[in-house]
Amino acid sequence: FTMLRNVARSAAVFARQAKFPGTATQAQPVAGGVFAVQTRWKSVGPAASAKTVSDEMLKKLGSLSTQALVDGLWVMGWPPSQIEGARALGKGMKMAGRAVTVRMVPQRPDITADKPAGMDSPEYDAFEQATPNEVICISSVGPWESVGGDIKFLRLQQLKVGGLVTDGSVRDTDILLEYGFPVFSHSTTAKQGPAAMQPWEANGVIECGGVVVRPGDAIVGDQDGVVVVPAAVAQEVYDIAHSREVIEGIIKEQLEKEKCPPGKYYPFVSGKIKPDSHLAKLLDSKGIKY
């Protein structure tokens with residue numbers, strides 16, 4: 001009777017799978033030596049947002065400062081968006097592109113043995129998905145660990161990618177600067193990376209410098225750092241950030257004329273400028289909506 005009950009249970013699970021194909025199965029031994037099928041529902045959400053960032057929007061976001069973008073997300077109540085510690089490798093570097101992500105995990109012999117090798121390794125899979133409008137985002141296991149150097153990143157130079165950002169370090173600095181594409185990292189190092197970590201996944205959701213990055217998010221970098229603009233709200237962030245830059249430009253121009261303390265007009269919160277304030281009166285005189 002027990003055997004028949006277990007067989008019936010297995011049949012019921014297979015029938016359920018036929019109705020709901022998005023489930024995974026795993027054989028588990030049960031009493032009497034009969035194998036039942038244990039169902040595990042997939043519980044991983046989509047890696048990328050349903051919304052995408054167009055090339056036109058990338059250009060708009062790239063025209064703004066990272067400070068304005070951070071402010072825009074702050075006004076919307078979104079979490080911090082700057083990749084902590086990521087600084088430009090060279091003076092004047094700027095970038096704007098959609099994220100192509102690489103997740104590193106700590107080194108372990110079975111990880112090294114089981115991950116795809118050679119040209120199929122996850123970081124090279126990610127590289128081949130990148131274009132001039134994409135930025136490679138690599139999550140490191142530590143700020144001083146190397147995510148790569150001249151040989152690995154030669155391919156990025158060949159593909160003319162939009163840039164590279166990591167919360168780890170890079171090596172072969174002089175040659176990377178010669179390659180010409182923007183690089184933002186925590187620091188530089190002479191150490192080899194494989195002793196500390198291995199690439200495990202391409203184009204999944206990662207954490208980089210304390211910030212969540214989804215494939216397709218807009219990545220904008222300048223001399224102040226790198227900001228992640230979620231694809232889901234890219235238009236809204238741009239609208240707020242652009243408006244703030246316009247208003248800040250007017251404030252600076254007025255302060256040059258008046259030579260008064262900045263507190264007369266600044267700081268301000270977008271959407272909450274009081275109509276009777278000095279700033280509101282200044283913006284009204286310029287015909288600027290706030």
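Residues numbered from 1 in each chain as written. Predicted model: local features only at pLDDT ≥ 70, side-chain atom pairs only at ≥ 80, totals over all residues. Heavy atoms only, no water.

**A few points about the overall build of the protein chain**
Across its full length, the protein chain carries nine helices and 14 strands. Of the contacts formed within the protein chain by residues at least 6 apart in sequence, a portion of 71% connects residues at least 24 apart. Accessible surface, the protein chain as shown: approximately 15800 Å² in total, 56% of it carbon and sulfur. (Helix = DSSP H or I, 4+ residues; strand = E, 2+ residues; numbered from the N terminus. Contact = heavy atoms within 4.5 Å. Areas by Shrake-Rupley, 256 points an atom, 1.4 Å probe, with all protein chains shown as cover.)

**Details of the nonpolar core**
Membership of the largest hydrophobic core comes to 38 residues, with the highest contact counts inside it found for Ile 136, Phe 153, Leu 164, Val 165 and Ile 219. With five residues, strand 4 (residues 95-106) is the largest single contributor of residues to this core. The residues contacting Phe 153, other than those within four sequence positions of it, are Phe 127, Ile 138, Val 147, Gly 148, Leu 164, Val 170, Leu 176, Tyr 179 and Phe 181. Of all hydrophobic cores here, the second largest spans 18 residues; its members include Leu 64, Leu 73, Ala 218 and Val 220. (Core = buried A, V, L, I, M, F, W, Y, C linked by side-chain atoms within 4.5 Å. Buried < 20%, exposed > 50% of the residue type's maximum accessible area, 1.4 Å probe, protein only.)

**Points about the pairing of strand 14 (residues 225-229)**
In terms of burial, strand 14 is largely enclosed, as five of its five residues are buried. Of the two faces of strand 14, both are covered, the one formed by Gly 225, Val 227 and Val 229 as well as the one formed by Val 226 and Val 228. Where strand 13 (residues 218-222) lies against strand 14, five bridges are found, and the strand directions are antiparallel. From the neighbouring strand, Asp 222 faces strand 14, where its bridge partner is Gly 225. Connecting the antiparallel pair strand 13 and strand 14 is a turn made up of two residues. (Pairing = 2+ DSSP bridges.)

**Some details on the pattern of salt bridges**
Tallying each qualifying case throughout the model produces 13 salt bridges. Close ionic contact of Arg 98 with Glu 134 constitutes a salt bridge, the shortest N to O distance being 3.0 Å. Linking Arg 98 in strand 4 with Glu 134 in strand 5 (residues 134-139), this pair joins segments that are 36 residues apart in sequence. Judged on exposure class, the residue Arg 98 and its partner Glu 134 are both buried. Note that Arg 103 and Glu 201 form a salt bridge whose closest N and O atoms lie 3.1 Å from each other. Separated by 98 residues along the polypeptide, Arg 103 in strand 4 and Glu 201 in strand 10 (residues 197-202) bring together distant segments of the chain. (Salt bridge = Lys/Arg side-chain N within 4 Å of Asp/Glu carboxyl O.)

**A look at helix 6 (residues 150-159)**
Side chains of residues three or four places apart in an α-helix project in the same direction, reflecting 3.6 residues per turn. Buried residues of helix 6: Phe 153, Leu 156 and Leu 159, and no others. Taken end-on, helix 6 shows its buried residues confined to a sector of 95°, consistent with a single buried face. In this structure, the buried residues of helix 6 make contact with helix 5 (122-128), strand 5, strand 6 (163-166), strand 7 (169-170) and helix 7 (173-179). Of the residues flanking the end of helix 6, it is Lys 160, one or two places downstream, whose phi is positive at about 55°. (Arc of directions from axis to C-beta.)

**A closer look at the confidence of the model for the protein chain**
With 86% of its residues at a pLDDT of 70 or more, the protein chain shows a mean pLDDT of 88. Overall, residues 1-40 carries pLDDT values under 50, and its contacts beyond four positions in sequence, including any with other chains, amount to 37 contacts. (pLDDT = per-residue confidence, 0-100.)

**Digging into unusual backbone geometry**
Residue Tyr 266 is joined to Pro 267 through a cis peptide bond whose omega torsion reads 5°. In the Ramachandran plot, Asp 172 falls in the positive-phi region, its phi being about 60° despite a non-glycine side chain. Of the residues examined, Asp 172 reaches a relative accessible area of 29% and is grouped as partly exposed.

**Structural notes on helix 9 (residues 278-286)**
Buried within helix 9 we find Leu 279, Ala 280, Leu 282 and Leu 283. Buried residues in helix 9, looked at end-on, bunch into an arc of 160°, giving them a common side. Opposite the buried face of helix 9, by more than 90 degrees, sit the exposed residues Lys 281 and Ser 285. Directly beyond the C-terminal end of helix 9, a positive phi value near 75° is found at Gly 287.

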